[in-house]
Amino acid sequence: MPSAPELILDLLVADGGTLSSQALCRAGALMGIGETTLRVGLTRLAAEGKIARGERGSYSLNRAGPALSRAVGDWRHTRAQVVAWQGGWLAVHDAGVARADKTAWRRHSLALSLRGFAALRPGLQIRPDNLAGGLEAERAQLVALGLSPHALVFRLAGLDPAAQAAARGLWNVRALADDCRRLQAGLERGEQRLRTVPLEVAVRESLLLGRAVIAHLVRDPLLPDELMSPAPRTALRAVARRYQDRARKLWRQWLALPAA
């Protein structure tokens, strides 16, 4: 089950607009989270800049807030970030980054993971240079997500054939494709259940299933077509959009009902 902050962010991402504190507290009760805990979560997220407070106790995702929140909120549009791959690589050298500050190291590692980097050598993380904006945009994204200031971000080219082959094989594309197909099948089964189960059950299940799929899509390395067929990712994204649209309608329908 999600924590109170996770639930709040999930609901605001799914809704795409604003929700009242009363609606969020009611959703919290549905997921077994008490009102006090939920309101503490709202206060914490607002203080961290992850959500914005509007009029009459309404809340929305803060699009100018932390990069991680924006990345989760923009999962529908990540495919637009991809450009044609010319065979080059973006690299991060982090051998000199201290591991002693575990919190900072976790942020650093998460930034690399979210942007699809994988280790070619100890202390050298790479990904295909196929994202819009190139090196400068990627450096800014990594820094915003928590990359250590002691890491170097640069373009990497001229690999010998053995290193080039090793670089191209860093990602388990079969597992990535299988995960896409598994999640797509789960969404398609979930769509059928949304039509048959009681409304309260449907909204609870839609949140839990939706957050698992979005977590996968946010971590999608967006590999170029030369390394991984885009078909499984494209199919999953299409079903996820359809499922979220249906789930959003059910949530709004449930929230419109009189509180028990």
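Calculation notes
Residues numbered from 1 in each chain as written. Predicted model: local features only at pLDDT ≥ 70, side-chain atom pairs only at ≥ 80, totals over all residues. Heavy atoms only, no water. Pairing = 2+ DSSP bridges. Helix = DSSP H or I, 4+ residues; strand = E, 2+ residues; numbered from the N terminus. Axes fitted to C-alpha atoms, helices over the stretch in contact; angles between N-to-C directions. Expected span 1.5 Å × (residues − 1). Buried < 20%, exposed > 50% of the residue type's maximum accessible area, 1.4 Å probe, protein only. Arc of directions from axis to C-beta. Core = buried A, V, L, I, M, F, W, Y, C linked by side-chain atoms within 4.5 Å. Contact = heavy atoms within 4.5 Å. Polar contact = N/O pair within 3.5 Å; in protein donor to acceptor, adjacent residues only side chain to side chain. Salt bridge = Lys/Arg side-chain N within 4 Å of Asp/Glu carboxyl O.

### Considerations on the sheet that holds strand S2 (residues 51-53)
Thinking step 1. Spatially, 3 strands are ordered S1-S3-S2 in an open sheet, and the strand pairing comes out antiparallel. With partners counted over all chains shown, the strands left at the sheet margins are strand S1 (18-20) and S2, one partner each. When the angles between neighbouring strand axes are averaged without regard to direction, this sheet yields 30°.
Thinking step 2. Examined bridge by bridge, S1 and strand S3 (residues 58-61) share 3 bridges and lie antiparallel to one another.

### Quick look at unusual backbone geometry
Thinking step 1. Phi is positive for leucine 222, close to 50°, though the residue is something other than glycine.
Thinking step 2. Looking at where leucine 222 falls in the secondary structure, it is placed in the loop between helix H9 (199-218) and helix H10 (231-256).

### Regarding helix H6 (residues 134-145)
Thinking step 1. For H6, which comprises 12 residues, the first-to-last C-alpha distance of 17 Å matches the rise-based estimate of 16 Å (1.5 Å per residue) to within 8%.
Thinking step 2. Buried within H6 we find Gly134, Leu135, Glu138, Leu142 and Leu145. Along H6, the residues classed as buried sweep out an arc of 100° about the axis, all on the same side. Set apart from the buried face of H6 by more than 90 degrees, the exposed residues are Glu136 and Val143.
Thinking step 3. Taken from the residues just after H6, glycine 146 is the one with a positive phi, measuring 120°.

### Comments concerning the nonpolar core
Thinking step 1. Among the nonpolar cores identified, the biggest contains 54 residues, and Leu11, Leu38, Ile51, Val92, Leu142 and Trp251 are the most heavily contacted of them.
Thinking step 2. In contact with leucine 11, not counting residues within four places along its chain, are Leu19, Leu24, Ala27, Leu207 and Trp251.
Thinking step 3. Counting 15 residues, the second largest nonpolar core, distinct from the first, contains Leu156, Ala167, Leu176 and Leu223.

### Some details on the sheet that holds strand S4 (residues 89-93)
Thinking step 1. Spatially, 4 strands are ordered S5-S6-S4-S7 in an open sheet, and the strand pairing comes out antiparallel. Sheet topology places strand S5 (118-121) and strand S7 (152-156) at the edges, where each strand pairs with a single neighbour. Pairs of neighbouring strands in the sheet enclose a mean axial angle of 35°, with direction left out of account.
Thinking step 2. Relative to strand S6 (residues 124-128), S5 is paired through 3 bridges, and the arrangement is antiparallel. Across the sheet, arginine 121 pairs through a bridge with leucine 124, a residue of S6.

### Considering the side chain of serine 58
Thinking step 1. Take serine 58: it is sitting in strand S3.
Thinking step 2. In terms of polar contacts, serine 58 uses its side chain to reach the backbone carbonyl oxygen of glutamate 55, at 2.9 Å.
Thinking step 3. With sequence-adjacent residues up to four places away left out, serine 58 is seen in contact with Thr18, Leu19, Ser20, Ala52 and Arg53.

### Considerations on the pattern of salt bridges
Thinking step 1. All told, the structure shown has 16 salt bridges when counted by the stated rule.
Thinking step 2. Between aspartate 179 and arginine 182 there is a salt bridge whose closest N-O contact spans 3.4 Å. Within this pair, aspartate 179 and its partner arginine 182 are both found in helix H8 (residues 173-194), separated by 3 residues, close to a single helical turn.
Thinking step 3. Aspartate 179 sits in the partly exposed class, given a relative accessible area of 27%.
Thinking step 4. As a salt-bridge pair, aspartate 220 and arginine 237 come within 3.8 Å of each other at their nearest N and O atoms. In this pair, aspartate 220 is assigned in the loop between H9 and H10 and arginine 237 in helix H10, connecting sequence segments 17 residues apart.
Thinking step 5. Given a relative accessible area of 3%, arginine 237 falls into the buried group.
Thinking step 6. Here the salt bridges do not stand alone but share partners, grouping Glu6, Asp10 and Arg211 into one network.

These results come straight from atomic positions and should not be treated as a statement about function.
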